[in-house]
Amino acid sequence: MYILGIESTCDETAVSIVEDGRRVISNVIATSVAEQALYGGVVPEIASRRHCEYISATAEKALADAKLSIADIDAVAVTFAPGLIGAVLVGVNFAKGLAYGAGKPLVPVHHLRGHIAALYLTHPELKPPFLCLVASGGHSHIVQVEDYTKFKVLGRTVDDAAGEAFDKVARTLGLSYPGGPSVAAAAKTGDPKAYKLPVPHVEGRYNVSFSGLKTAVLNEVNKCQMKGETVNVNDLAASFQERIAGILAEKLLLAAADTGAQQVCLAGGVAANGRLRQLVNDGAQKLGAKVYLPHLKFCGDNGAMIAAQGYYEYITGHTADLQLNGLPTLPIDYE
Ligand code: KG4
Ligand code: ZN
């Protein structure tokens, strides 16, 4: 079964065709990230306008690359929540037109469920149940994936998302947007023990908090400036990365130990972080759990993950009519 997946929740306009939720036939991504970088973050209005411009050609290329026509597609899947609402609506309306015009079913997909489904593209043998940390620019959740369309949130951030913390710290350190890759690159030659950054206290056994950590980095920069010293950007980036990756890995592994998880996974943009991947790999092995990490090309936003989850939503009977609306927020375990 061929599912065409459309993603437009942030600054990537992405369309992909995936067979049976597992095999990527084509995967096309247009992005306004270079333009957004000029502003140090995503400007929602710019994101929406670029989606409008790019989406048709992106879908055409996805079909052409797959050597398929829309008639060969079994269903059109689209991210309908959560995300920047103006951006989401572009994808939703395009998907409606495409599905209606071709007489195909329309399948709404939750963005974070899509991030988790990126794991199915990388690991054909992976099946629920598994435990997954989903960490992106907008969310940080520890989720029990009970089945393909059944989720239970065990923990979450009480303030900033992990990716957001990377982005804000990058800005503080004068590094480019998006912050995750630029902080990770700076950290490569830095000393992770150079700065003593706090471990934030947070209520809830599996919850995390990054706002205090972000402020602690800002305080270090301000302290240096007041003393007329220059901050060691690489050392501070490395210390921050060590702390945030440590917190995320520790909470995921704590949840894994408590629940006796046999399979432990990472998903979302932050899952591309090398230090986080290493800590989770090492820790889960000690627990005797198998670790599944998404391929780097499927960590960030893409249409393939939406098509993959779209397949499982579709075979469960989760379709929508042309009244489908986009939503800026929606829990992953929505009914
Ligand atoms: O999942 P994603 O592509 O978009 C959202 O759904 O938000 O995640 C983007 C986030 C950004 O905050 C970006 O800085 C972060 O993922 N990110 C990383 C890395 N690559 C991207 N964070 C840490 N290390 C990375 N290597
Ligand atoms: Zn995302």
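Residues numbered from 1 in each chain as written. Chains lettered and ligands numbered in written order. Predicted model: local features only at pLDDT ≥ 70, side-chain atom pairs only at ≥ 80, totals over all residues. Heavy atoms only, no water.

## Overview of the overall build of the protein chain
Regarding its fold elements, the protein chain presents ten helices and ten strands. Taken over the C-alpha trace, the protein chain has a radius of gyration of 20 Å; the compact-globule value for 335 residues is 20 Å, and the two agree within 12%. Per-residue burial over the protein chain gives 52% buried out of 335 residues. Considering only intrachain contacts with a sequence separation of at least 6, the fraction spanning at least 24 residues in the protein chain is 73%. Summing over all exposed atoms, the protein chain offers an accessible surface of approximately 14,100 Å²; the carbon and sulfur share of this is 53%. Seen as two clouds, the 29 positive and the 33 negative side-chain charges of the protein chain have centres 5 Å apart. (Helix = DSSP H or I, 4+ residues; strand = E, 2+ residues; numbered from the N terminus. Rg over C-alpha atoms; globule rule 2.2 N^0.38 Å. Buried < 20%, exposed > 50% of the residue type's maximum accessible area, 1.4 Å probe, protein only. Contact = heavy atoms within 4.5 Å. Areas by Shrake-Rupley, 256 points an atom, 1.4 Å probe, with all protein chains shown as cover. Lys, Arg positive; Asp, Glu negative; His and termini not counted. Charge placed at Lys NZ, Arg CZ, Asp CG, Glu CD.)

## Some thoughts on the packing of helix H2 (residues 44-66) against helix H3 (residues 85-102)
At a minimum axis distance of 9 Å, the contact between H2 and H3 shows a crossing angle of 30 degrees. Relative to H3, the element H2 is oriented roughly parallel. Crossing of H2 over H3 shows right-handed handedness. Between H2, through Ser 48, His 51, Cys 52, Ile 55, Ser 56 and Ala 59, and H3, the contact on the second element is made entirely by Gly 86, Ala 87, Val 90, Gly 91 and Phe 94. (Axes fitted to C-alpha atoms, helices over the stretch in contact; angles between N-to-C directions. Parallel < 35°, antiparallel > 145°, perpendicular 65-115°, else oblique. Left-handed = near helix turned anticlockwise from the far one by under 90°.)

## A closer look at the side chain of Arg 113
Tracing the backbone shows Arg 113 in helix H4 (residues 111-122). Classification of Arg 113 as buried rests on a relative accessible area of 2%. Ignoring any residue separated from it by four or fewer positions in sequence, one finds Arg 113 in contact with Thr 149, Phe 151, Gln 309, Glu 313, Ile 332, Asp 333 and Tyr 334.

## Things to note about the coordination of the zinc ion (ligand 2)
The coordination sphere of the zinc ion (ligand 2), as far as protein atoms go, consists of His 111 (NE2), His 115 (NE2) and Asp 301 (OD), spread over 2.0 to 2.1 Å. Spacing between the donor residues of the zinc ion (ligand 2) along their common chain follows H-x3-H-x185-D. With a gap of four residues between them, His 111 and His 115 both fall in helix H4, about one helical turn apart. (Donors = N, O, S within 2.8 Å, 3.2 Å for Na, K, Ca; no water.)

## Let's talk about the domain arrangement of the protein chain
By domain assignment, the protein chain separates into domain 1 (2-117 + 299-316) and domain 2 (127-297). Between the C-alpha centres of domain 1 and domain 2 the distance comes to 27 Å. Contacts between the two partners involve 21 residues from domain 1 and, on the opposite side, 23 residues from domain 2. With both sides pooled, the region where domain 1 packs onto domain 2 buries about 1,700 Å², and carbon together with sulfur makes up 68% of that total. Among the residues of domain 1 in contact with domain 2, Leu 112, Ile 116 and Cys 299 are the three that bury the most area, contributing 41% of the side total. The interface formed by domain 1 and domain 2 includes zero salt bridges. Between domain 1 and domain 2 we count six residue pairs in polar contact (both at pLDDT 80 or more) in total. Among the secondary structure elements, those contributing two or more residues to the side of domain 1 that touches domain 2 are helix H1 (33-37), H4 and helix H10 (303-315). Considering each element in turn, the side of domain 1 that touches domain 2 owes the most residues, four residues, to H4. Among the residues forming the side of domain 1 that touches domain 2, the class breakdown is nine nonpolar, eight polar and four charged. (Domains from an automatic or database assignment. Buried area = accessible area lost by both parts, 1.4 Å probe. Salt bridge = Lys/Arg side-chain N within 4 Å of Asp/Glu carboxyl O. Polar contact = N/O pair within 3.5 Å; in protein donor to acceptor, adjacent residues only side chain to side chain. Nonpolar A, V, L, I, M, F, W, Y, C, P; charged D, E, K, R; others polar.)

## What about the confidence of the model for the protein chain?
Detail in the predicted coordinates should be disregarded across regions flagged by low pLDDT. Mean pLDDT over the protein chain stands at 97; residues scoring 70 or higher make up 100%. The spread of mean pLDDT over the elements of the protein chain runs between H1, the lowest at 93, and strand E1 (residues 2-7), the highest at 99. (pLDDT = per-residue confidence, 0-100.)

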